[in-house]
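Below are the chains, spelled out letter by letter.
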Amino acid sequence: MKRKYRNLKQAFFIGLVAAIGFSGCKKFLAVNDNPNNPDHGDPTLLLPTTQAAISQVIGNQFQVFGNIWAEYWTQSPVASQYKSMDQYAPLNTDFDRPWLNLYRVALINADLITKNTGAGLENVKGIAYLMKAYSYQVATDAFGDVPLSQALQPTVYPNPVYDKQQVVYDSIFMYISKAMPLLKANAASPGAQDMIYNGDMSKWIAFANTLELRAYLRLSSVDQATAQAGIAALYQTNPTFLTEDATITYTSTGGNENPFYNEATSPTLGKIQNVVASSTVVDEFKKNNDPRLAKFYTLFIDKIAPVDSLESIPQGSYLSNVNKKVSPPSPLVGGQANDPTSATAPVKLMSVAESYFLQAEAVARGWAAGDVTALYKQGIQASFTATGAGDATTYIASAPDGLPALTAAVGNVKDEVKAIITQKYYAMCGFQGFEAWNEWRRTGYPTFLVQSAASTIEPGQMPLRMLYPNSELTSNLHFPGVVPITTPVWWGISNP
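Residues numbered from 1 in each chain as written. Predicted model: local features only at pLDDT ≥ 70, side-chain atom pairs only at ≥ 80, totals over all residues. Heavy atoms only, no water.

Caption draft 1: View of the overall build of the chain. A count of helices and strands for the chain gives 18 helices and eight strands. The globule rule puts the C-alpha radius of gyration for 496 residues at 23 Å, and the 21 Å found for the chain is close to it. Counting only residues that meet the buried cut, the chain has 61% of its 496 residues in that class. For the chain, the share of sequence-separated contacts (at least 6 apart) that also reach a separation of at least 24 residues comes to 74%. Computed over 36 positive and 39 negative side-chain charges, the separation of the two mean positions in the chain equals 3 Å. (Helix = DSSP H or I, 4+ residues; strand = E, 2+ residues; numbered from the N terminus. Rg over C-alpha atoms; globule rule 2.2 N^0.38 Å. Buried < 20%, exposed > 50% of the residue type's maximum accessible area, 1.4 Å probe, protein only. Contact = heavy atoms within 4.5 Å. Lys, Arg positive; Asp, Glu negative; His and termini not counted. Charge placed at Lys NZ, Arg CZ, Asp CG, Glu CD.)

So, in structure tokens, the structure goes:
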């Protein structure tokens, strides 16, 4: 079930967060008379602000970087906005806005909620702890070591120390643990002020379990013992997992559109189509005769032979395809700048398909009990359902990367995981670009990503992290120094 903003207050917050993100303001979001007084922040105002800020990051800046670096999208030959991304040459300033929205809006306001001493706030505090866990995972997955222990202390700002990524991950598990009893408490529901699940605590409990599973699996290449033990403990609780996407859905009202579409239609970009289909993924969709191809991208009608066609270009090849008409991402994922229906595309924080593929991987690795094949099929069907591609039965049975790939891998954990992550990659096209890029950095799957033709870095190298923002470089006395984008984060593998 999709959700739109349920009241004017929610719409106000999404627009306000978007405006602050665009302006680059470094102050606290002005919803409290005194942001240094955690008892005074109204949780009913802070929760939608927190969720809106996270959606700005996942649905705009990290969405574009993720979709380009995961090779779903590439720079359009007729535009120039994202050439530096395709060149693997981002600027530190490119990350000022997402850092601002994560730290000075999402995390600070979630922290104010958790510190509020009012009565009957257990449920909203539980959601806030999950928003902290989610936001810190996004931040550390993107940048590596990040501020944590001093990050939300107003007396320390703007000079918090940076904590090791392993410590940040420890905090993610801790925040989820703190959230669980609060979510189960008999307390007042935030209701419509919760823009994701409308205050349904059973869905938030499933979100918490799925987020914990994602976080433990992220450690699979760097700390298998912790990952295995953590997943075993999680499954001992007989957990429920997501069966409904964790999304924020937008409207066509000015300021409240899908974040990526909102920026694409801003006066600066003026509805210019800056991203188009990358042949990297399109060729794989075609190889598998995948009906989702026509859902993730807009097809052209050939005027001579009236058939649908999808036109793509190799990653980063915009200079050699100057006159080529290339298919854009579809309005379904908010990617078509000149189609107003892109405005209502949801931002997915986690999806049902991802939930099933996470469970399938845990079982494949022998860290949880379950049926790998059933979960794998459910993940594919969930993606088909979400995109309107219909019944996946034929695809699952016949696509080379469908059930044949998993069946051929039986008994070989590495190949089973490859089949699972490859299908997860297809499911995340356009919607979850950042998460698909994370999974490629963690596992090396899918194996068909190529270096951009526009790359300015060494042959064979790819982006393995984001750059620290310029705002930290210029203002934080504890700035840890520039780390090249080719240096893997703590949990990442060196040569995906």
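Next comes the rest of the description.
Caption draft 2: Region of interest: helix H13 (residues 372-387). In this model H13 runs 23 Å from its N-terminal to its C-terminal C-alpha over 16 residues, within 8% of the 22 Å that 1.5 Å per residue would give. Residues of H13 that are buried: Val-372, Leu-375, Tyr-376, Gly-379, Ile-380, Ala-382, Ser-383, Phe-384 and Thr-387. In this fold, the buried residues of H13 make contact with helix H11 (293-296), helix H12 (352-364), helix H14 (393-398), helix H15 (403-408) and helix H16 (413-427). Measuring from the side-chain oxygen of the N-cap residue of H13 to the backbone nitrogen of Thr-373 gives 3.1 Å; that N-cap residue is Asp-371. (Expected span 1.5 Å × (residues − 1). Polar contact = N/O pair within 3.5 Å; in protein donor to acceptor, adjacent residues only side chain to side chain.)

Caption draft 3: Quick look at the packing of aromatic side chains. By the definition in use, this model includes 34 aromatic pairs. Ring plane angle 40° and centroid distance 5.3 Å describe the contact between Phe-285 and Tyr-426, whose orientation is recorded as tilted. Here Phe-285 is found in helix H10 (residues 279-287), whereas its partner Tyr-426 is found in helix H16, with 141 residues between them in sequence. Sitting over the face of the ring of Trp-491, Arg-218 holds its NZ or CZ atom 5.3 Å from the ring centroid. (Phe/Tyr/Trp six-rings, centres within 6.5 Å; stacked < 30°, edge-to-face > 60°. Lys NZ or Arg CZ within 6 Å of the ring centre and 35° of its normal.)

Caption draft 4: Structural view of the pattern of salt bridges. Applying the stated rule across the entire model yields 20 salt bridges. For the salt bridge of Asp-401 with Lys-287, the shortest nitrogen-to-oxygen distance reads 3.7 Å. Remark: Lys-287 occurs in helix H10 and Asp-401 occurs in the loop between H14 and H15; sequence separation between them is 114 residues. Arg-442 is the partner of Glu-439 in a salt bridge, and the nearest nitrogen-oxygen pair spans 2.9 Å. Of the two residues, Glu-439 and Arg-442 both sit in helix H17 (residues 433-443), three residues apart, roughly one turn of that helix. Per residue, the accessibility class of Glu-439 equals that of Arg-442, and both read buried. Bridged by salt links that share partners, the residues Asp-141, Arg-214, Arg-218, Glu-354, Glu-361, Arg-365, Lys-424, Glu-435, Glu-439 and Arg-442 form one connected network. (Salt bridge = Lys/Arg side-chain N within 4 Å of Asp/Glu carboxyl O.)

Caption draft 5: Looking closely at the packing of H13 against H16. Where H13 meets H16, the axes come as close as 9 Å, and the angle between the chain directions of the two elements is 15°. Taken as axis vectors, H13 and H16 run roughly parallel relative to one another. The handedness of the crossing between H13 and H16 comes out as left-handed. Between H13 and H16, the contacting residues are Val-372, Tyr-376, Ile-380 and Ser-383 on the first element and Glu-416, Ala-419, Ile-420, Gln-423 and Ala-427 on the second. Across the contact of H13 with H16, the residue classes tally to six nonpolar, two polar and one charged. (Axes fitted to C-alpha atoms, helices over the stretch in contact; angles between N-to-C directions. Parallel < 35°, antiparallel > 145°, perpendicular 65-115°, else oblique. Left-handed = near helix turned anticlockwise from the far one by under 90°. Nonpolar A, V, L, I, M, F, W, Y, C, P; charged D, E, K, R; others polar.)

Caption draft 6: Seen up close, the packing of helix H2 (residues 43-69) against helix H5 (residues 122-143). Contact pair H2 / H5: the axes reach a minimum separation of 11 Å and the direction vectors enclose 25°. The orientation of H2 relative to H5 falls into the category roughly parallel. Note that H2 runs across H5; the crossing there is left-handed. Residues Pro-43, Leu-47, Thr-50, Gln-51, Ile-54, Val-57, Ile-58 and Phe-62 of H2 lie in contact with H5, whose contacting residues are Val-124, Ile-127, Met-131, Tyr-134, Ser-135, Val-138, Ala-142 and Phe-143. Taken together, the residues of the contact of H2 with H5 sort by class into 13 nonpolar, three polar and no charged.

Caption draft 7: Spatial organisation of the side chain of Asn-116. Following the sequence through the fold, Asn-116 ends up in the loop between helix H4 (96-115) and H5. With a relative accessible area of 7%, Asn-116 lands in the buried category. Within polar-contact distance, the side chain of Asn-116 engages the backbone nitrogen of Gly-118 at 2.8 Å.

Caption draft 8: View of the side chain of Gln-336. Its place among the elements puts Gln-336 in the loop between strand S7 (308-309) and strand S8 (347-350). A relative accessible area of 12% places Gln-336 in the buried class. Gln-336 has contacts with Tyr-261, Gln-273, Thr-298, Pro-328, Pro-329, Ser-330, Pro-331 and Ser-342, leaving out every residue within four places of it along the chain.

Caption draft 9: Structural context of the environment of Leu-213. Mapped onto the elements of the fold, Leu-213 is located in helix H7 (residues 201-217). Between the C-alpha atoms of Leu-213 and Ser-355, which are 142 residues apart in sequence, the distance is 8.8 Å. The contacts of Leu-213, once residues within four sequence positions are left out, are Ile-231, Leu-234, Tyr-235, Phe-241, Leu-358, Gln-359 and Ala-362.

Caption draft 10: Structural view of the nonpolar core. The biggest cluster of nonpolar side chains holds 143 residues, and the ones touching the most others in it are Tyr-72, Tyr-136, Leu-183, Trp-204, Phe-207, Tyr-297 and Met-466. In terms of residue count, the dominant contributor to this core is H5 (13 residues). Sequence-distant contacts of Trp-204, that is, excluding residues within four places in its chain, are made with Gln-51, Ile-127, Leu-130, Met-131, Leu-183, Asp-194, Ile-196 and Tyr-197. (Core = buried A, V, L, I, M, F, W, Y, C linked by side-chain atoms within 4.5 Å.)

Caption draft 11: Local environment of H2. Given a rise of 1.5 Å per residue, 27 residues ought to cover 39 Å, and the 36 Å separating the end C-alpha atoms of H2 matches this to within 8%. If you look at H2, its biggest bend is around 55°, right at Gln-63. With 25 of 27 residues buried, H2 is to be regarded as a mostly interior element. Glu-71 occupies a position one or two residues after H2 and carries a positive phi of about 70°. (Bend = angle between axes of the 7 residues up to and from the residue.)

Caption draft 12: Looking closely at unusual backbone geometry. Cis geometry marks the peptide bond from Tyr-157 to Pro-158; its omega dihedral reads 10°. As for its placement among the helices and strands, Pro-158 is situated in the loop between strand S2 (146-147) and strand S3 (162-163). Here the amide bond leading from Tyr-445 into Pro-446 is cis, since omega sits at 5°, within 30 degrees of zero. Turning to its location among the elements, Pro-446 is positioned in the loop between H17 and helix H18 (470-475). With a phi angle near 65°, Lys-271 is a residue other than glycine that sits in the positive phi range. Along the chain, Lys-271 falls in the loop between helix H9 (259-264) and strand S5 (275-277). Judged by its relative accessible area of 47%, Lys-271 is partly exposed.

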